Amino acid sequence: MRRIYLDHSATTPVHPRVAVVAMNYMMNDYGNSSSVHAPGRKAAEAMDEARARVAEFVGAEPREIIFTSGATEADNLAILGVAHAAGDRGNHIITTAVEHHAVLHTCDALEKEGFRITRLPVDAEGRVDPSAVEDAIDDDTILVSVMLANNEVGTLQPVAEIAEIARARGVTVHTDAVQVAGQLPVDLAELGVDLASFSGHKMYAPKGVGFLYVRRGTRLKAQMFGGHHERWLRAGTENVPGIVALGEACVLAQEEIDYVTAHLTSLRDRLIAGLEERIPDVFVNGHRTERLPGNVNVCIPGVEGEAMLLHLDMKGIAASSGSACTSGSLEASHVLLAMGIKHEIAHGSLRLTLGRDNTAAEIDYVLETLPPIVENLRAMSAWKPGDEMPFED
Ligand SMILES: *Cc1c(COP(=O)(O)O)cnc(C)c1O
């Protein structure tokens, strides 16, 4: 059976060029980068090179890159690290209602420790208003954390504007930039944030590796204790194969970025236009233009997301409903609910996220396959055209 992978926001395949590099540091150059002997020095040198490549990719200095086990850990280190370094300078953190759970649940944990958390609302397209950030900042505010792009609906946030506002008030700024890496150019200096999280497996490197950008001078407390690794900020023997692979993935992403951005945008627009043409009352979630090139997210009233996924899977198409973390649970997406979409409609969401290897022919196959599935499922439900509007009144 034909297999079409359209769940790149959940994870990407490892690029062959990246896998070869990882394999070498598992089987041949397997030294511990803290060892003094030749194999150890070789691993340390490879890691230095990877750090330089990663830094170059995001417009940072190598010493500003802290390798972690992924973006969940990077988000935790950023938020807990700033909170626990704040002392009596303040205890208020501002974030948004549509963040990844790696941010939201970390903030929940801090709330239980006594920190005050403001979770800003978003508009119907999933955007945060920078002036709402300005209004929320007070003398106790120590951190603003707003994602660069949403992993479910693909909406890009005005992080540069938010960072300018927050930093003018002396507030540290963190962004979860996971979804943007490899889809759009990233320039952290231009963005003006102090901290940014990234994950390898969302950009054609293996799972279990990522990094946190920490601007020079940012006050951060380690959350993991042990050795002197990563400038005392993240103890634990470094994942050398993963880190070197991530360095290679950054070089690859940088080489290809213009092509990939254009390719994903063209596939995305073909898919959205085709769905709107072929499925009555389909509703596109998220912002039309301020959107990840590879993200398509739609609500299809009258259809359960899970049912659509199963039928697509039987036809060889791998998609998701909401994010990888909420699918499998029967909870409606917190992102769609925050955008004001009705509970029943939010259950009918379908996310198709594109990658560098997808083709126009694959998109056309989806456009042939999905409409009859929707028609059949709708025939079994009570839905009629024009029946339901997606938003709460
Ligand atoms: C995938 C993802 C994460 C978690 O990254 P891991 O490396 O899997 O821990 C965090 N934030 C966003 C926006 C993501 O898409």
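Residues numbered from 1 in each chain as written. Predicted model: local features only at pLDDT ≥ 70, side-chain atom pairs only at ≥ 80, totals over all residues. Heavy atoms only, no water.

**Structural notes on the sheet that holds strand β10 (residues 295-299)**
At step 1: One open sheet accounts for three strands, arranged β9-β10-β12; its pairing is antiparallel. Bordering the open sheet on either side are β9 (283-284) and β12 (349-353), each of which pairs with just one other strand.
At step 2: Where β9 lies against β10, two bridges are found, and the strand directions are antiparallel. The partner of Phe283 across the bridge, within β10, is Cys299.
At step 3: In the packing of helix α8 (residues 240-278) onto the sheet, the strands contacted are β9, β10 and β12, and the crossing angle to β10 comes to about 15°. (Pairing = 2+ DSSP bridges. Helix = DSSP H or I, 4+ residues; strand = E, 2+ residues; numbered from the N terminus. Contact = heavy atoms within 4.5 Å. Axes fitted to C-alpha atoms, helices over the stretch in contact; angles between N-to-C directions.)

**Re the pattern of salt bridges**
At step 1: All told, the structure shown has 22 salt bridges when counted by the stated rule.
At step 2: Salt-bridge contacts for Arg17 lead to Glu248; the nearest nitrogen and oxygen are separated by 2.8 Å. Highlighted residues: Arg17 in helix α1 (residues 16-27) and Glu248 in helix α8, separated in sequence by 231 residues.
At step 3: Given the relative accessible area of 31%, Arg17 is considered partly exposed.
At step 4: Taking the relative accessible area as the measure of exposure, Glu248 reaches 11% and is therefore buried. (Salt bridge = Lys/Arg side-chain N within 4 Å of Asp/Glu carboxyl O. Buried < 20%, exposed > 50% of the residue type's maximum accessible area, 1.4 Å probe, protein only.)

**Description of helix α3 (residues 71-85)**
At step 1: An ideal rise of 1.5 Å per residue puts 21 Å on 15 residues; α3 measures up with 20 Å between its terminal C-alpha atoms.
At step 2: The buried count for α3 comes to 11 of 15 residues, which makes it a mostly enclosed element.
At step 3: Of the residues flanking the end of α3, it is Gly87, one or two places downstream, whose phi is positive at about 55°. (Expected span 1.5 Å × (residues − 1).)

**Considerations on the site of the ligand**
At step 1: Neighbouring the ligand are 13 residues, the closest being Thr72, Asp176, Gln179, Ser199 and Lys202.
At step 2: Within the backbone of Ala71, a nitrogen or oxygen atom sits 2.9 Å from an oxygen atom of the ligand.
At step 3: Residue Ser199 places a side-chain N or O atom 2.7 Å away from an oxygen atom belonging to the ligand.
At step 4: When residues in the shell around the ligand are grouped by element, the largest group, three residues, is from α3.
At step 5: Its residues assigned to classes, the shell around the ligand shows three nonpolar, seven polar and three charged. (Near = heavy atom within 4 Å. Polar contact = N/O pair within 3.5 Å; in protein donor to acceptor, adjacent residues only side chain to side chain. Nonpolar A, V, L, I, M, F, W, Y, C, P; charged D, E, K, R; others polar.)

**Remarks on the nonpolar core**
At step 1: In this structure, Val58, Leu188, Phe198 and Leu246 are the most contacted members of the largest nonpolar core, which totals 70 residues.
At step 2: Of the residues forming this core, the biggest block, nine residues, is contributed by α8.
At step 3: Residue assignment places this core across two domains, with domain 1 (4-10 + 257-381) and domain 2 (16-252) each supplying three or more.
At step 4: Other than its neighbours up to four places away in sequence, Leu246 contacts Val54, Phe67, Gly200, Met203, Ala205, Val209, Gly210 and Phe211.
At step 5: Core analysis: the second largest hydrophobic core is formed by 31 residues, Ile279, Ala319, Leu350 and Ile363 among them. (Core = buried A, V, L, I, M, F, W, Y, C linked by side-chain atoms within 4.5 Å. Domains from an automatic or database assignment.)

**Describing the environment of Val209**
At step 1: Among the secondary structure elements, Val209 is positioned in the loop between β7 (195-199) and β8 (210-214).
At step 2: Leaving out residues up to four positions away in the same chain, Val209 has contacts with Thr68, Ser69, Gly70, Ser199, Gly200, His201, Asn239, Gly242, Ile243 and Leu246.

**Thoughts on the sheet that holds strand β2 (residues 65-68)**
At step 1: The strand order β2-β8-β7-β6-β5-β3-β4 describes an open sheet built from seven strands, whose pairing is mixed. Single-partner strands in this sheet number two, and they are β2 and β4 (116-120). With direction set aside, neighbouring strand axes in the sheet form an average angle of 20°.
At step 2: Across five bridges, the pairing between β7 and β8 is antiparallel. Note on β8: the bridge partner recorded for Ser199 is Gly210.

**Examining the packing of helix α9 (residues 305-314) against helix α12 (residues 360-380)**
At step 1: The geometry of α9 relative to α12 is characterised by a closest axis approach of 10 Å and an angle of 135° between their N-to-C directions. Here α12 runs oblique to α9, going by the angle between their axes. Here the hand of the crossing between α9 and α12 comes out right-handed. Touching Ala307, Met308, His311 and Leu312 of α9 are Leu370, Ile373, Val374 and Leu377, all from α12.
At step 2: Looking at the contact of α9 with α12 residue by residue, the class counts come to seven nonpolar, one polar and no charged. (Parallel < 35°, antiparallel > 145°, perpendicular 65-115°, else oblique. Left-handed = near helix turned anticlockwise from the far one by under 90°.)

**With respect to the domain arrangement of the chain**
At step 1: Each domain of the chain was delimited in the assignment, giving domain 1 (4-10 + 257-381) and domain 2 (16-252).
At step 2: With 30 residues of domain 1 at the contact, the number on the domain 2 side is 29 residues.
At step 3: Surface buried jointly by domain 1 and domain 2 totals about 2,500 Å² across both partners, of which 57% is contributed by carbon and sulfur atoms.
At step 4: It is Leu292, His334 and Met339 that lose the most area in domain 1 upon contact with domain 2, and together they represent 23% of the buried surface on that side. (Buried area = accessible area lost by both parts, 1.4 Å probe.)

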